[in-house]
Amino acid sequence: MSVLVYGICIFLFAFFLHLVIWKIRVPKKNQTIVLLEIFFTVLVLSIFMAKAFSQSNFFGVAWPQTLYEYLAFVLLYASLTFGYIASYSAIEVDSPSLTMVLSIAKETKNGLDKEKFYSSLTDELLVIPRLKDLVSDKMVFVEKDKYQLTAKGNFLVNIFIRWRTLLKAGKGG
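The rules we used
Residues numbered from 1 in each chain as written. Predicted model: local features only at pLDDT ≥ 70, side-chain atom pairs only at ≥ 80, totals over all residues. Heavy atoms only, no water. Salt bridge = Lys/Arg side-chain N within 4 Å of Asp/Glu carboxyl O. Pairing = 2+ DSSP bridges. Helix = DSSP H or I, 4+ residues; strand = E, 2+ residues; numbered from the N terminus. Core = buried A, V, L, I, M, F, W, Y, C linked by side-chain atoms within 4.5 Å. Buried < 20%, exposed > 50% of the residue type's maximum accessible area, 1.4 Å probe, protein only. Contact = heavy atoms within 4.5 Å. Axes fitted to C-alpha atoms, helices over the stretch in contact; angles between N-to-C directions. Parallel < 35°, antiparallel > 145°, perpendicular 65-115°, else oblique. Left-handed = near helix turned anticlockwise from the far one by under 90°. Phe/Tyr/Trp six-rings, centres within 6.5 Å; stacked < 30°, edge-to-face > 60°.

Visitor: Would you mind going over the pattern of salt bridges in detail, with residue names and values included?
Guide: Tallied over the full model, the rule gives 1 salt bridge. Here Glu107 and Lys116 are joined by a salt bridge, their closest N and O atoms 3.9 Å apart.

As structure tokens, then:
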């Protein structure tokens with residue numbers, strides 16, 4: 001029970017800390033790295049706090065005591081953190097699918113004209129922001145007006161290629 005209570009409570013504390021920091025100033029670059037730093041700093045500090053207060057009860061529940069409980073606590077916390085960070089990228093910028101659904105939702109009474117819909121889906125809205133993100137995240141760089149993969153981008157592409165091959169998926173998106 002202590003793993004569940006403290007894992008969720010400390011994750012919620014880190015989440016709240018993240019919101020406070022973002023209210024003060026949203027990082028312009030590397031938001032994912034900053035999130036990882038926040039969440040894992042809170043994790044490390046909470047482990048030290050657990051050691052210091054190991055004989056205390058908070059919320060009527062004792063801190064984790066055994067190595068097994070600590071490992072389970074870290075696993076739960078890391079799972080929650082990585083799950084949040086994976087979903088955060090979806091709210092960081094508008095996804096193409098979300099943009100399309102929202103534009104259709106605005107016209108729920110009369111429906112959205114197909115031509116108007118197609119003309120609203122421009123590269124400026126769907127493609128260019130993602131290219132800027134790739135450059136910002138150092139996945140690609142621009143040289144002589146051409147986008148080229150960096151080692152980091154190439155590594156990520158190879159992961160997806162191998163994963164799709166393993167799943168026997170086609171070349172589509």
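Visitor: Quick rundown of the pairing of strand 3 (residues 140-143)? Include the residues and the values.
Guide: Summarising the sheet, strand 3 and strand 4 (residues 146-149) pair through 4 bridges and their orientation is antiparallel. Each bridged residue has a counterpart across the sheet, and for Val140 the counterpart in strand 4 is Leu149. The antiparallel hairpin formed by strand 3 and strand 4 contains 2 residues in its connecting segment, where Lys144 sits at a positive phi of about 55 degrees.

Visitor: Talk me through the nonpolar core; I want residue IDs and the actual numbers.
Guide: Core analysis: the largest hydrophobic core is formed by 21 residues, its most contacted members being Tyr6, Ile10, Leu35, Phe39, Phe73, Tyr77 and Tyr84. When residues of this core are traced back to their parent elements, those giving at least two are helix 1 (2-24), helix 2 (31-52) and helix 3 (67-92). Residue contributions to this core peak at 7 residues, all from helix 1. With sequence-adjacent residues up to four places away left out, Ile10 is seen in contact with Val42, Ser46, Trp63, Phe73 and Tyr77.

Visitor: Talk me through the packing of helix 1 against helix 2; I want residue IDs and the actual numbers.
Guide: Each pair of packed helices gets described by two things: the angle between the helix axes and the distance between those axes. Between helix 1 and helix 2, the shortest axis-to-axis distance is 10 Å and the interhelical angle comes to 135 degrees. One element, helix 1, and the other, helix 2, form an angle in the oblique class. The crossing of helix 1 and helix 2 is right-handed. Where helix 1 approaches helix 2, its residues Ile10, Phe11, Phe13, Ala14, Phe15, Leu17, His18, Ile21 and Trp22 are matched on the opposing element by Gln31, Val34, Leu35, Ile38, Phe39, Val42 and Ser46.

Visitor: Residues and numbers for the side chain of His18, please.
Guide: Within the secondary structure layout, His18 lies in helix 1. Looking at His18, the relative accessible area reads 2%, which means it is buried.

Visitor: So what's going on with unusual backbone geometry? Residues and values would help.
Guide: A positive phi angle, near 55 degrees, is found at Lys144, a position not held by glycine. In this structure, Lys144 sits in the loop between strand 3 and strand 4. Of the residues examined, Lys144 reaches a relative accessible area of 76% and is grouped as exposed. A positive phi angle, near 60 degrees, is found at Asp145, a position not held by glycine. Relative to the assigned elements, Asp145 resides in the loop between strand 3 and strand 4.

Visitor: Can you explain the environment of Cys9? Please cite residues and give values.
Guide: Residue position: Cys9 is located in helix 1. Judged by its relative accessible area of 30%, Cys9 is partly exposed. The sequence separation of Cys9 and Tyr77 amounts to 68 residues, and the corresponding C-alpha distance is 9.5 Å.

Visitor: Can you break down the packing of aromatic side chains residue by residue, with the values?
Guide: One pass over the structure, following the stated rule, counts 10 aromatic pairs. Pairing Phe11 with Phe39 gives two aromatic rings, centres 5.5 Å apart and planes at 40 degrees, and the pair type is tilted. Placement of Phe11 in helix 1 and of Phe39 in helix 2 is noted, with a sequence separation of 28 residues between them. Here the two residues Phe11 and Phe39 agree in accessibility, since each one is buried. Residues Phe117 and Tyr118 carry aromatic rings whose centres are separated by 5.9 Å and whose planes lie at 50 degrees to one another, so their mutual orientation is tilted.

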